[in-house]
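These are the residues of each chain, in order.
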Amino acid sequence: MIEIVVLGSGNVATHLFKAFSASEGIRIKQVYNHSEASLDFFENKVEITTDFSEIAEADVYILALKDDVIPQTAEKLKDRSGLVVHTSGSVALDALSGCSRRGVFYPLQTFSKDNELNYSEIPFCLEANSEEDLQLLKKIADRISGKAYDISSEQRKKLHLSAVFVCNFVNHLYAVGEQICQKSEIPFDILKPLIKETASKVQHASPAGVQTGPAIRNDQSTINTHLDLLESSENRKIYELLTSAIQTFHGKKL
Ligand SMILES: NC(=O)c1ccc[n+]([C@@H]2O[C@H](COP(=O)([O-])OP(=O)(O)OC[C@H]3O[C@@H](n4cnc5c(N)ncnc54)[C@H](OP(=O)(O)O)[C@@H]3O)[C@@H](O)[C@H]2O)c1
């Protein structure tokens, strides 16, 4: 049985807790958070604490914390014999350098507390400062998902950057689309099959190969109409920048 203490009670901590609770061979021994506010979910399910000095001994400490506080929190665990890992896409393994056993357990997915997820499909990007601990992390990842990857800190930085483009930026564009619909009393639901098909197409084709729309066709009159319709100067800038980026990427004349 692998015993784990989870530090943090936010999105990732909650989902990891749910995933581990449903898996065999792993026991969440305790959940720590610096404040009581978001520990409600864990109450009566597992031992909880807000007192750092009460953190239990464990095989693995998972720091599912705000990126900025990972180094200082790891520093406070430097005398523990267990493996200390964080779950961040952008924090280097070196941020845990005070800990003799350190690693990264980065789940490449977008987590919101109340969203249901199929944990078996989540890729886990793993890194550790010893082969033995890398194998331990693989064993843990295997209990919830069959998808574990060896990814270095340098690669993870690039992967996280890529994830910001394909997830965070795309989601903001959904929000802009929703706002435009709302202003014209059009239900956003009408766009959902299009959103689904766009995401589905790239499962089997290169995104560059399936680009459509006025930018790649260089339909200048449509582009001008769209720019005139946009009320927000911020959204006009986004439209112009993305149109130009698509045309440059595909070698079109501006
Ligand atoms: N969400 C995602 O989609 C996602 C995906 C992959 C990886 N990650 C990574 O996973 C980690 C956690 O992300 P998350 O989305 O779960 O964040 P989150 O929901 O905002 O939770 C952050 C946790 O850090 C705690 N925290 C905040 N300020 C703190 C401080 N000054 N001292 C100690 N603890 C503090 C929070 O406690 P309070 O709420 O009580 O302040 C909370 O428990 C991050 O490293 C993130 O990069 C996130």
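The rules behind these values
- Residues numbered from 1 in each chain as written.
- Predicted model: local features only at pLDDT ≥ 70, side-chain atom pairs only at ≥ 80, totals over all residues.
- Heavy atoms only, no water.
- Buried < 20%, exposed > 50% of the residue type's maximum accessible area, 1.4 Å probe, protein only.
- Helix = DSSP H or I, 4+ residues; strand = E, 2+ residues; numbered from the N terminus.
- Pairing = 2+ DSSP bridges.
- Right-handed = clockwise from strand over helix to strand, strands pointing away.
- Polar contact = N/O pair within 3.5 Å; in protein donor to acceptor, adjacent residues only side chain to side chain.
- Contact = heavy atoms within 4.5 Å.
- Axes fitted to C-alpha atoms, helices over the stretch in contact; angles between N-to-C directions.
- Parallel < 35°, antiparallel > 145°, perpendicular 65-115°, else oblique.
- Left-handed = near helix turned anticlockwise from the far one by under 90°.
- Nonpolar A, V, L, I, M, F, W, Y, C, P; charged D, E, K, R; others polar.
- Patch = residues over 30% accessible without salt bridge, like charges linked within 9 Å, V, L, I, M, F, W, Y side chains within 5 Å.
- Areas by Shrake-Rupley, 256 points an atom, 1.4 Å probe, with all protein chains shown as cover.
- Salt bridge = Lys/Arg side-chain N within 4 Å of Asp/Glu carboxyl O.
- Expected span 1.5 Å × (residues − 1).
- Arc of directions from axis to C-beta.

### Regarding the pairing of strand β2 (residues 26-32)
No. 1: Counting buried positions along β2 gives five out of seven residues, so the element sits mostly inside the fold.
No. 2: With six bridges connecting them, strand β1 (residues 2-7) and β2 associate as parallel partners. The residue of β2 that forms the bridge with E3 is R27.
No. 3: On the question of chirality, the crossover connecting β1 to the parallel β2 by way of helix α1 (residues 11-21) is right-handed.

### Concerning the side chain of S88
No. 1: By the secondary structure assignment, S88 is in the loop between β5 (83-86) and β6 (102-107).
No. 2: Residue class for S88 comes out buried when judged on its relative accessible area of 6%.
No. 3: Separated by 3.0 Å, the side chains of S88 and D67 make a polar contact.
No. 4: Apart from residues no more than four positions distant in its own chain, S88 is found in contact with D67, I70, V104, Y106 and R156.

### As for the packing of helix α7 (residues 220-229) against helix α8 (residues 233-249)
No. 1: At a minimum axis distance of 9 Å, the contact between α7 and α8 shows a crossing angle of 160°. Taken together, the axes of α7 and α8 are roughly antiparallel relative to one another. Here the hand of the crossing between α7 and α8 comes out right-handed. Contact residues: α7 offers I223, H226 and L227, while α8 offers R236, Y239, E240, T243 and Q247.
No. 2: Here the residues of the contact of α7 with α8 sort into three nonpolar, three polar and two charged.

### Remarks on a nonpolar patch on the surface
No. 1: On the surface, a nonpolar cluster with roughly 430 Å² of combined accessible area is contributed by L161, F165, V166 and F169.
No. 2: Inspection of the secondary structure assignment puts V166 in helix α4 (residues 153-183).

### Quick notes on α8
No. 1: Look at α8: 24 Å from first C-alpha to last across 17 residues, which is about the 24 Å you get at 1.5 Å a residue.
No. 2: Those residues of α8 lying buried are N235, Y239, T243 and Q247. Projection of α8 onto a plane perpendicular to its axis shows the buried side chains occupying an angular sector of 100°, all on one side. The exposed residues of α8 that point more than 90 degrees off its buried face are K237, L241, T248 and F249.
No. 3: Residues of α8 that are buried sit in contact with α4, α6 (214-217) and α7.
No. 4: For α8, the capping residue at the N-terminal end is S232, with a side-chain oxygen 3.2 Å from the backbone nitrogen of E234.
No. 5: The positive-phi residue at the C-terminal boundary of α8 is G251, with phi of around 65°.

### Quick notes on the sheet that holds β2
No. 1: Spatial strand order, β3-β2-β1-β4-β5-β6-β7-β8: eight strands in an open sheet with mixed pairing. Strand pairing shows two members of the sheet lacking a second neighbour, β3 (47-49) and β8 (148-150), which therefore form its edges. Between one strand axis and the next, the sheet turns by 25° as a mean value, whatever way the strands run.
No. 2: Two strands pair when backbone bridges link them, and β6 and strand β7 (residues 124-128) are joined in this way by five bridges, in the antiparallel orientation. Residue pairing across strands places V104 opposite E127, the latter belonging to β7.
No. 3: In this fold α1 packs onto β1, β2, β4 (60-63), β6 and β7, with an angle of close to 155° to the strand it touches most, β2.
No. 4: Relative to β7, helix α3 (residues 131-144) is tilted by about 160°, and along the sheet it contacts β1, β2, β4, β5, β6, β7 and β8.

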